[in-house]
Amino acid sequence: QRLQDPAPVTLPDKETKQAAVDDILGEDILGIAKSDPAAMEVIQKYIDAVGGREAMLSITDRVERFKNTKIDPTTETVMKMARFLKRTGEGVLMIREEWQLPGLGLTKNNEPLNFVQVYDGEKAWVKAMGAVSPLAGKTLIVFVWDKHIDDFFITFQDNGYIANLKEDQTVLGTACKMVELKSFAGNQVQMFAFSDEDGLLLRKTWNEGQAPAVIKKEVFFSEYTRIRFSDDRNRWIKIPTIKKIFEDGELSLEQNYDEIALNSGVSPTLFGRPEGRSFDEVRREREAARAAEQEASAGDAEAVEKKPVWE
């Protein structure tokens, strides 16, 4: 029997392929939940209100200078901070933070305490009291956690969050759309309040800790300011310049921004190891000095014991 020519094959276009992938990953087949389209509309309105996705993704470096005021029942402690963020060509985020705190009686003449933390995309360091040590483990996780050169909502889905629309609320006298974000594992739940009028984010709410010591935390965002790009004055994004953090209804921290610069040409050398001696080296010197001091004290005590009793 003569073989017939095969029928022509039409390959699916890109949209058809993506639809097939979405079906496979959708909750109908694998039981994996998808973000609510209504919630995604609210998030998209917010992204448009603060400058748009294209503007966010064009940020290559970002500099922020601000004050953190830690509020306790009897005192207020002001920390001056500078944060530098840079995105490499491979999309890796590098971070540097410089902290200046009151001396708190720990320094000569009560001079300010200065700390530097740096992450170059692979390795990290912390410089404190003139000594430099590696930054790793939970401390490193806390340092890089929730640091975004653009905006959390640009990549929230890639980071494993699912969005759902909840019942509307009034926040600070403003009607708001409420969006719940839940991590894929379900162990992280955050609630966001977006202004119904202009789409801007007004409040973020979540819980920290384990029962029975669970703390309700809230961040209120205000004073949105349009920040123009240093390399393109026609491009801008809006950023809240005041953030107030509450714990169980009590104000605990206020963050006030003094300066924000976008694409100002931050050098990648800023994200290398800070200058300074190794903490291990400084520690060994201090331990040796302490041992010598103890030995000298022991020698003096022995000399005193050998004196005549009347002396």
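Calculation rules
- Residues numbered from 1 in each chain as written.
- Predicted model: local features only at pLDDT ≥ 70, side-chain atom pairs only at ≥ 80, totals over all residues.
- Heavy atoms only, no water.
- Salt bridge = Lys/Arg side-chain N within 4 Å of Asp/Glu carboxyl O.
- Helix = DSSP H or I, 4+ residues; strand = E, 2+ residues; numbered from the N terminus.
- Phe/Tyr/Trp six-rings, centres within 6.5 Å; stacked < 30°, edge-to-face > 60°.
- Buried < 20%, exposed > 50% of the residue type's maximum accessible area, 1.4 Å probe, protein only.
- Lys NZ or Arg CZ within 6 Å of the ring centre and 35° of its normal.
- Core = buried A, V, L, I, M, F, W, Y, C linked by side-chain atoms within 4.5 Å.
- Contact = heavy atoms within 4.5 Å.
- Pairing = 2+ DSSP bridges.

A. Structural detail: the pattern of salt bridges. Tallied over the entire structure, the rule returns 16 salt bridges. Salt-bridge contacts for Glu180 lead to Lys166; the nearest nitrogen and oxygen are separated by 3.9 Å. In this pair, Glu180 is assigned in strand E8 (residues 174-183) and Lys166 in strand E7 (residues 161-171), connecting sequence segments 14 residues apart. Among the charged side chains, a salt-bridge network with shared partners connects Arg62, Glu64, Arg83, Glu97 and Lys147.

B. The arrangement of the packing of aromatic side chains in detail. Applying the stated rule across the entire model yields 11 aromatic pairs. Ring centres of Phe66 and Tyr257 lie 4.9 Å apart, and the angle between their planes is 35°; on these two criteria the pair is classed as tilted. With Phe66 in strand E1 (residues 61-71) and Tyr257 in strand E13 (residues 250-262), this residue pair connects regions lying 191 residues apart in the sequence. The exposure class of Tyr257 is buried, given its relative accessible area of 12%. Ring geometry for Phe153 versus Phe194: centroids 5.5 Å apart, planes at 65°, classification edge-to-face. Within this pair, whereas Phe153 is found in the loop between helix H5 (137-144) and E7, its partner Phe194 is found in strand E9 (residues 189-195), the two being separated by 41 residues in sequence. The residues Phe153 and Phe194 share a single accessibility class, namely buried. Clustering of aromatic rings is evident, with ring pairs tying together Tyr46, Phe152, Phe153, Phe156, Tyr161, Phe192 and Phe194. One Lys or Arg, Lys204, reaches over the ring of Trp206 and ends 4.8 Å from the middle of that ring.

C. Quick peek at the nonpolar core. Counting 49 residues, the largest nonpolar core has Phe153 and Leu181 as the members making the most contacts within it. At six residues, helix H3 (residues 37-49) tops the list of elements feeding residues into this core. Contacts of Phe153, omitting those with residues within four sequence positions, involve Ile43, Tyr46, Ile47, Leu181, Phe192, Phe194 and Leu201. Counting residues in hydrophobic clusters, the runner-up holds 11 residues, among them Val63, Val118, Val132 and Ala261.

D. Focus on the pairing of E13. Sheet topology note: the E1/E13 ladder contains nine bridges and is antiparallel. Paired with Val63 across the two strands is Ala261, which belongs to E13. In terms of strand pairing, strand E12 (residues 232-247) meets E13 through six bridges, oriented antiparallel. Across the sheet, residue Phe246 finds its bridge partner in E13, namely Leu251. Counting the residues that bridge the hairpin from E12 to E13 gives two residues, and of these Asp248 lies at a positive phi of roughly 50°.

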